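Residues per chain, in single letters:
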Amino acid sequence: MLVTDDCMGCAIKAVSLTRGGRTVFQGLDVNLQEHRIGLIGHNGAGKTSLLRLLCGLETPHAGQVLVQGQDIYAHKPTMPRARLIGMMFQNPEDQIIFPTVEEELALSLQTLSGLGRKAARQSSHAFLETYGLQHWASRSIGSLSQGQRQWVCWLAMLLAQPQVLLLDEPFASLDLPGQIALAHAIDTCAQQVIVSTHALDHVRGFERVIWLDAGRICADGPGDEVCRAYESAVQAQAPAWGVSSPRST
Ligand SMILES: Nc1ncnc2c1ncn2[C@@H]1O[C@H](COP(=O)(O)OP(=O)(O)OP(=O)(O)O)[C@@H](O)[C@H]1O
């Protein structure tokens, strides 16, 4: 299923990106119009860099990044980036700012909906309640497990109501029930979702998966086909890795 309007979805046009002196993308072109898209590939392939480009965290040296038809690196965006696109980071510590769950969730509402402090806290309370997590409201972030922090990141992102959700290794710290719950949440949410993962089973059923290798698209198509192609390539290369991992990309 494609997102419904021609100007919807995301597009990367002739983008070149360097990070820390290393060329990550050179003239990358990719249209991202499907409702569910997976990104797979080895460590260092460029999955996180692609997500960071889409959410405005890496400035390309050339090219354009469009989200919902808007150039997100333009000087005068017509909509705040946070309304357009939200990102759940691989590491919750890169995302969470406040000491308690309630405060962290309230931030999204205060900055984006202009709610006052008290109203924002009340709304985040009500939001937690819809997930049966009201007892988390006053919990300090430090008292939560890594997986629980990932849930806080997911909820904070949802509260901001962006139109596109970017998830970087979202399953990494979740237990099995948590993975099932998040997979269901991804399956049923209305937004376009782009997921970077090494857990291929979570994207195998996606309508589209992109396999990145050293900043280039190695395969692009239905999830089951691309995941199988990637697995076959890994199997074929496996004997050569015994003495040289981790790979030095
Ligand atoms: N902060 C950084 N500074 C400099 N180079 C970086 C930085 N982060 C990533 N890179 C480089 O950018 C390239 C792409 O990294 P990226 O994190 O996008 O890969 P990835 O596919 O997400 O990997 P992983 O599966 O390990 O998360 C790699 O060569 C990496 O070394």
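Residues numbered from 1 in each chain as written. Predicted model: local features only at pLDDT ≥ 70, side-chain atom pairs only at ≥ 80, totals over all residues. Heavy atoms only, no water.

**What to know about the side chain of E103**
Quick note on the threshold: Put simply, DSSP marks the helices as runs of H or I at least four residues long and the strands as runs of E at least two long, and each gets a number from the N terminus on. Contacts described as polar in this section are N or O atom pairs within 3.5 Å, which, within protein, must combine one atom able to donate a hydrogen with one able to accept it, while residues neighboring in sequence count only if both atoms come from side chains. Contacts are residue-level and defined by heavy atoms, with any inter-residue pair within 4.5 Å sufficient.
Inspection of the secondary structure puts E103 in helix α3 (residues 101-113). Only 3.3 Å separates the side chain of E103 from the side chain of R121, close enough to count as a polar contact. Excluding anything up to four places from it in sequence, E103 contacts F98 and R121.

**Quick notes on the sheet that holds strand β5 (residues 70-71)**
Condition: In this analysis, strands are considered paired if DSSP registers two or more bridges between them. To get an axis, fit a line to the C-alpha atoms, keeping to the stretch in contact for a helix; angles then go from 0 to 180 degrees between the N-to-C directions.
Strand order in the open sheet made by the four strands is β2-β1-β4-β5, with antiparallel pairing throughout. Of all the strands in the sheet, just β2 (22-32) and β5 have a single pairing partner and so form its edges. Sheet topology note: the strand β4 (residues 62-67)/β5 ladder contains two bridges and is antiparallel. Following the sheet pairing, V67 is matched in β5 by Q70. Packed on one face of the sheet, helix α1 (residues 47-54) meets β1 (10-19), β2 and β4 and runs near 115° to β1.

**Points about the sheet that holds strand β9 (residues 208-213)**
The strand order β6-β7-β8-β3-β9-β10 describes an open sheet built from six strands, whose pairing is mixed. The open sheet has two free edges, formed respectively by β6 (85-88) and β10 (216-221), since each of these has just one partner strand. Mean inter-strand twist for the sheet, computed between neighbouring axes without regard to direction, equals 15°. For β6 and strand β7 (residues 164-168), the ladder comprises four bridges, and the chain directions are parallel. What sits directly across from M87, in β7, is L166. Here α1 sits on the sheet in contact with β3 (36-40), β6, β7, β8 (192-196) and β9, set at roughly 150° to β7. Packing against the sheet, helix α7 (residues 223-237) makes contact with β3, β9 and β10, and its axis sits at approximately 30° to β9.

**Section: the site of the ligand**
Our working rule: A single heavy atom is enough: if one lies within 4 Å of a molecule or strand, its residue is considered near that molecule or strand. Note on areas: Shrake-Rupley, 1.4 Å probe, and residue coverage restricted to the protein chains presented here. In the scheme used here, Gly and all other residues not listed as nonpolar or charged are polar, with Ala, Val, Leu, Ile, Met, Phe, Trp, Tyr, Cys and Pro taken as nonpolar and Asp, Glu, Lys and Arg as charged.
Near the ligand, the surroundings consist of 14 residues, among which G44, K47, T48, S49 and H198 are the closest. S49 is positioned with one of its side-chain polar atoms (N or O) 2.6 Å from an oxygen atom of the ligand. In this structure, H198 approaches the ligand through a side-chain N or O atom, which is 2.8 Å from an oxygen atom. For the ligand, the protein covers 69% of the area, taking 630 Å² as the surface of the free molecule. The set of elements that each furnish at least two residues to the shell around the ligand consists of β2 and α1. Of the residues forming the shell around the ligand, the biggest block, three residues, is contributed by α1. Across the shell around the ligand, the residue classes tally to two nonpolar, nine polar and three charged.

**Here we look at the environment of T23**
Looking at the secondary structure, you find T23 in strand β2. In the structure, T23 is positioned 71 residues away from D94 in sequence and 23 Å away in space, judged by C-alpha atoms. Dropping the residues within four chain positions of it, T23 is found in contact with L17 and T18.

**So, the side chain of Q95**
With respect to the helices, strands and loops of the structure, Q95 is situated in the loop between β6 and α3. Here the side chain of Q95 touches F89 through a polar contact of 3.0 Å, landing on its backbone nitrogen. With residues up to four places along the chain from it excluded, the contact list for Q95 reads M87, M88, F89, E104 and C153.

**What about the layout of surface pockets?**
To keep things clear, this is the line we draw: Here a cavity denotes a set of grid points, spaced 1 Å apart and computed over the protein atoms alone, in which a 1.4 Å probe fits but from which it cannot get out, and a pocket denotes an open set meeting protein on both sides within 12 Å along at least five of seven lines; residues with an atom within 4 Å of a point are reported as lining. Grid points are joined across faces, edges and corners, and a volume is the space filled by probe spheres set on the points.
Each pocket or cavity is described by its volume, and for the largest pocket that value is around 500 Å³. Lining the largest pocket are 21 residues, and of these A82, I85, G86, M87 and F89 lie nearest its centre. For the lining of the largest pocket, the elements supplying multiple residues, two or more each, are α2 (81-84), β6, α3 and α5 (146-159). Counting residues per element, the lining of the largest pocket draws most heavily on α3, at five residues. Taken together, the residues of the lining of the largest pocket sort by class into 13 nonpolar, five polar and three charged.

**Some thoughts on the nonpolar core**
Counted only if it meets this: We call a set of buried residues a nonpolar core when its members are Ala, Val, Leu, Ile, Met, Phe, Trp, Tyr or Cys and they connect through side-chain atoms within 4.5 Å of each other. Each residue is assigned to one of three classes by its accessible area relative to the maximum for its type, calculated with a 1.4 Å probe on protein chains only: buried under 20%, partly exposed between the two thresholds, exposed over 50%.
Residues I40, W154, L167 and I186 are the most contacted members of the largest nonpolar core, which totals 44 residues. If you list the elements that add at least two residues to this core, you get α3, α4 (117-130), α5, β7, α6 (176-188), β8, β9 and α7. Of all the elements, α5 adds the most residues to this core, at nine residues. Here W154 is in contact with M88, L165, L167, L182, A185 and I186, once residues within four sequence places are set aside. With 30 residues, the next largest nonpolar core counts I12, F25, L54 and V164 among its residues.

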